[in-house]
Amino acid sequence: MATTRKRPIEPLLWMLFSAGGMASALLMPVLVYLFALAVPLEWIPAPSYVHVRAVVVHPLTRLVFFGVCMLSLFHWAHRFKYTLYDGLQIKHLTELINTICYGGAVVGTVIAAYVLWRV
Amino acid sequence: MTQPTYTEHHPRWLRQRISTYWWLGKWAYTKFILRELSSLSVAWFVGYLLVMVRRIGESEASYRAFLERATHPVLLTLDVIAFLFIVFHALTWFAVAPQAIVAHVGKKRVAPAVIAVSHYAAWIVVSALVAWLLLRR
Amino acid sequence: MQVTRYRPEVETDTTVEEYEVPCPRDWVVLDGLNYVKDQLDGTLSYRWSCRMGVCGSCGMMVNGEPKLTCATFLADYAPGPVKVEPLRNFPVIRDLVVELGDFMRKLVAVKPWIVRSEEKSVSEGEYLQTPDELEEYKQYSMCINCMLCYAACPIYGLDPQFIGPAAIALAQRYNLDSRDEGSAERLAVLSQHEGIWGCTFVGECTQVCPKHVDPAGAIQRYKLTAAMDWAKSFVMPKGAGSRST
């Protein structure tokens, strides 16, 4: 029997979560190791500023990095939402949780877009 | 406590409440919650890296100051813990990939081991590529 | 054995009673319970049937883990004590007997049977299936409805509306069957929020399954299928009854 169901949003949110999980799993460890540990602590000779800036400013870098940021933020939003539901059993606050999580991800994405546009 | 009543053909079922600390009851559950909380470190480093990109865009002095501040003991400790969580995220993600991804080549099913190895190989290749790109000069 | 008792006619909560049972090398927990009922306390209530791990009746918590009591050796817990409790996440009717109506309703809701738009008549012969096609769903057909996975699933415990691991695995068993044409109908049930999307891939269901069904894997695969279907529905509004992956 055909019924007009409103389009579910879960598949989209899950796909963003999945893509974000994959992107962050592949790319974050090396980026974090380099820029939060190895370079600040001088475990490896720091790359020259000129070179780092050239890489960062490159349009492809900015595009890819924006993608990673957006996906990672939505990955966090989706996962953290369920952690709050299941860990703290506050599923009744679902509107508030959804606003904080996905709203936060949207805000973060906008900030990322701004930062990377104006580098 | 009042005397419980018993109605024939309608016994009282007991529904036991789940404790708020259910996830501490079994290591498997604790590990699951830790895995989910690793998403916080993902979000943290998105912020960290965006700040860094901005500093790079400003000036060399700004960038150097950022790296200098990164060695501050409190921030560093936070970053080390978050880094461990990021690695934990990656490891647990790749560990479950073969369970979640079922691929076929023609009619034959791709072995789970192949799926697993592909993920780790991709991880190594991507990391090497990124490191090479950034550390060339 | 420290066995949970619950007698709704006289108490409002569970109590624990201790029984001393022999422990021959080949005895399982179910043998211990049968000894208690036969020799020590005839009022103990519990479910069991085949005593060989195929009927799925004797699921209980043994030392906090969901187990088939007919497949769990007492000797592994010697000298004891062994804690035997009713299967977690289900209402307790009496002693070790739990209410399974919720699962039964959910199972029916996913239509665990071959759905075809047109049935072949008997004279036309049987539906043919290659060994490869059988392999696609065989693992999920091993489910004995023992519900250990529901006892292990924290999501089901926290939200009884969640459809649960076995129901989804059984839906997949039919979705992946080459003779079946009912994917779309099942998707309507499973794509609700308390369907597959409630699952956060804890993975414990797979760990406790005595038949190696891997419900967690079935669920994650189905999420991908449902997501692909959803994406396709934007490109092809009719979404031509997709085959699951």
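Residues numbered from 1 in each chain as written. Chains lettered and ligands numbered in written order. Predicted model: local features only at pLDDT ≥ 70, side-chain atom pairs only at ≥ 80, totals over all residues. Heavy atoms only, no water.

A count of helical and extended segments in chain B gives 4 helices and 2 strands. Counted from the first residue to the last, chain B has its helices and strands arranged as α-α-α-β-β-α. The C-alpha radius of gyration computed for chain B amounts to 25 Å, which surpasses the reference 14 Å derived for 137 residues by more than 25%, pointing to a less compact arrangement than a globule. The dimensions of chain B, computed from C-alpha atoms along their principal axes, are 85 × 55 × 20 Å. By the burial criterion, 39% of the 137 residues in chain B qualify as buried. Considering only contacts within chain B whose residues lie at least 6 apart along the sequence, 47% involve residues at least 24 apart. Element-wise, carbon and sulfur atoms account for 69% of the exposed surface of chain B, whose accessible area totals about 8,200 Å². In chain B, 15 positive and 6 negative side-chain charges are present, and the distance between their average locations comes to 12 Å. (Helix = DSSP H or I, 4+ residues; strand = E, 2+ residues; numbered from the N terminus. Rg over C-alpha atoms; globule rule 2.2 N^0.38 Å. Buried < 20%, exposed > 50% of the residue type's maximum accessible area, 1.4 Å probe, protein only. Contact = heavy atoms within 4.5 Å. Areas by Shrake-Rupley, 256 points an atom, 1.4 Å probe, with all protein chains shown as cover. Lys, Arg positive; Asp, Glu negative; His and termini not counted. Charge placed at Lys NZ, Arg CZ, Asp CG, Glu CD.)

It is worth spelling out the interface of chain C and chain A at this point. Taken together, the contact between chain C and chain A spans 15 residues of the former and 12 residues of the latter. Between chain C and chain A, a total of about 1,400 Å² is buried, with carbon and sulfur atoms accounting for 66% of that surface. Of all residues in chain C, His193, Trp197 and Trp230 of chain C bury the most surface against chain A, accounting for 42% of the area lost on that side. At the junction of chain C and chain A, the tally comes to 1 residue pair in polar contact (both at pLDDT 80 or more). Looking at the side of chain C that touches chain A, the elements with two or more residues in it are helix 5 (154-158) and helix 9 (215-235) of chain C. Among the elements that make up the side of chain C that touches chain A, the one with the highest residue count is helix 9 of chain C (7 residues). Per-class residue counts for the side of chain C that touches chain A are 8 nonpolar, 5 polar and 2 charged. (Buried area = accessible area lost by both parts, 1.4 Å probe. Polar contact = N/O pair within 3.5 Å; in protein donor to acceptor, adjacent residues only side chain to side chain. Nonpolar A, V, L, I, M, F, W, Y, C, P; charged D, E, K, R; others polar.)

Let us now look at the confidence of the model for chain B. This prediction gives chain B a mean pLDDT of 90; 91% of its residues lie at or above 70. Among the scores for the predicted complex, ipTM is 0.91 and pTM is 0.91. (pLDDT = per-residue confidence, 0-100.)

Further remarks concern the pattern of salt bridges. Per the counting criterion, the structure on display carries 20 salt bridges over all chains. A salt bridge links Lys26 of chain B to Glu65 of chain C; its shortest N-O distance comes to 3.4 Å. A residue pair is termed interchain when its members come from two chains, as with Lys26 of chain B in the segment before helix 1 (27-58) and Glu65 of chain C in strand 4 (residues 65-68). Taking the shortest distance from any N to any O, the salt bridge between Arg173 of chain C and Asp177 of chain C comes out at 2.9 Å. Accessibility expressed as a relative area gives 11% for Arg173 of chain C, which makes it buried. (Salt bridge = Lys/Arg side-chain N within 4 Å of Asp/Glu carboxyl O.)

Here we take up the interface of chain B and chain A. Listed per partner, the contact involves 54 residues of chain B and 47 residues of chain A. Across the interface of chain B and chain A, roughly 4,800 Å² is buried in total on both sides, 76% from carbon and sulfur atoms. Among the residues chain B hides against chain A, the three largest losses belong to Leu50, Trp93 and Leu134 of chain B. Together they make up 14% of the total. Notably, a salt bridge pairs Glu36 of chain B with Arg79 of chain A, separated by 3.1 Å at the nearest N-O pair.

The next thing to look at is the side chain of His89 of chain B. Structurally, His89 of chain B can be placed in helix 3 (residues 73-100). Only 3.3 Å separates the side chain of His89 of chain B from the side chain of Arg79 of chain A, close enough to count as a polar contact. Aside from chain neighbours lying at most four places away, what touches His89 of chain B is Gly21, Ser24, Ala25, His75 and Arg79 of chain A together with Ser38 and Val42 of chain B.

All names here are of chain C. What you see with strand 1 (residues 2-5) is no split at all: Gln2 and Thr4 on one side and Val3 and Arg5 on the other are buried throughout. Relative to strand 5 (residues 83-85), strand 1 is paired through 2 bridges, and the arrangement is parallel. Of the residues in strand 5, the one forming a bridge with Val3 is Val84. (Pairing = 2+ DSSP bridges.)

Glancing now at helix 2 (residues 60-69) of chain B. Among all positions of helix 2 of chain B, only Ser62, Tyr63, Phe66 and Leu67 of chain B are buried. Down the axis of helix 2 of chain B, the buried side of the element spans an arc of 135°, and every buried residue falls inside it. Turned more than 90 degrees away from the buried face of helix 2 of chain B, the exposed residues are Ala61 and Glu68 of chain B. Looking at the buried residues of helix 2 of chain B, the elements they touch are helix 1 (10-38) and helix 2 (49-57) of chain A together with helix 1 of chain B. (Arc of directions from axis to C-beta.)

To continue, consider the sheet that holds strand 5 of chain C. Residues and elements named next belong to chain C. A sheet is described by the order of its strands in space; here 5 strands give the open sequence 2-1-5-3-4, paired in mixed fashion. Here the strands that pair on one side only, and so sit at the sheet edges, are strand 2 (15-18) and strand 4. The average angle at which neighbouring strand axes cross in this sheet is 35°, direction not considered. (Axes fitted to C-alpha atoms, helices over the stretch in contact; angles between N-to-C directions.)

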